[in-house]
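Reading the structure
The primary structure of each chain is shown beneath.
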Amino acid sequence: SIEEVVARQPEVIICSSMEDRGDLARTKALWGKWPQIPAVRDGRIYRIEPDIITRSSPRIVDAVEIMARMLHPEIGNIITPR
């Protein structure tokens, strides 16, 4: 629930909902209602395609790399290209 998110005060929010239709600006606008959340205040809201993260497949490795770069952009590309 949103109450739980507000209570936990996350520093980063990663969304993978089909509801936002892939629109990061829309996702950020929806979360903008809660500026007291550090992730919202600091602009650390990210989106990852649901097909990559929610389906059981080898692509989950890609999802891990994408999320790692979201959380730590300084690491760059951590997986050697195939």
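On a predicted model such as this, the values are computed, not experimentally measured, just so you know.

Looking at a nonpolar patch on the surface
- On the surface, Ile60, Val61 and Val64 cluster together into a nonpolar patch covering about 230 Å² of accessible area.
- Take valine 64: it is sitting in helix α5 (residues 60-71).

Some points on the pattern of salt bridges
- Taken as a whole, this structure holds five salt bridges when the rule is applied.
- The partner of arginine 47 in a salt bridge is glutamate 49, and the shortest N-O contact between them spans 3.0 Å.
- Look at glutamate 49 and you get partly exposed, because its relative accessible area is 41%.
- Here arginine 55 makes a salt bridge to aspartate 51, at a shortest N to O gap of 3.4 Å.
- Taking the relative accessible area as the measure of exposure, aspartate 51 reaches 35% and is therefore partly exposed.

Brief notes about the packing of aromatic side chains
- By the definition in use, this model includes one aromatic pair.
- Where tryptophan 31 meets tryptophan 34, the ring centres are 5.9 Å apart and the plane angle is 65°; that geometry is what we call edge-to-face.
- The exposure class assigned to tryptophan 31 is buried, which follows from its relative accessible area of 16%.
- On the basis of relative accessible area, tryptophan 34 is assigned to the partly exposed category, the value being 26%.

So, how was this worked out
- Residues numbered from 1 in each chain as written.
- Predicted model: local features only at pLDDT ≥ 70, side-chain atom pairs only at ≥ 80, totals over all residues.
- Heavy atoms only, no water.
- Patch = residues over 30% accessible without salt bridge, like charges linked within 9 Å, V, L, I, M, F, W, Y side chains within 5 Å.
- Areas by Shrake-Rupley, 256 points an atom, 1.4 Å probe, with all protein chains shown as cover.
- Salt bridge = Lys/Arg side-chain N within 4 Å of Asp/Glu carboxyl O.
- Helix = DSSP H or I, 4+ residues; strand = E, 2+ residues; numbered from the N terminus.
- Buried < 20%, exposed > 50% of the residue type's maximum accessible area, 1.4 Å probe, protein only.
- Phe/Tyr/Trp six-rings, centres within 6.5 Å; stacked < 30°, edge-to-face > 60°.

In short, the description is geometric, and any link to function would need to be established separately.
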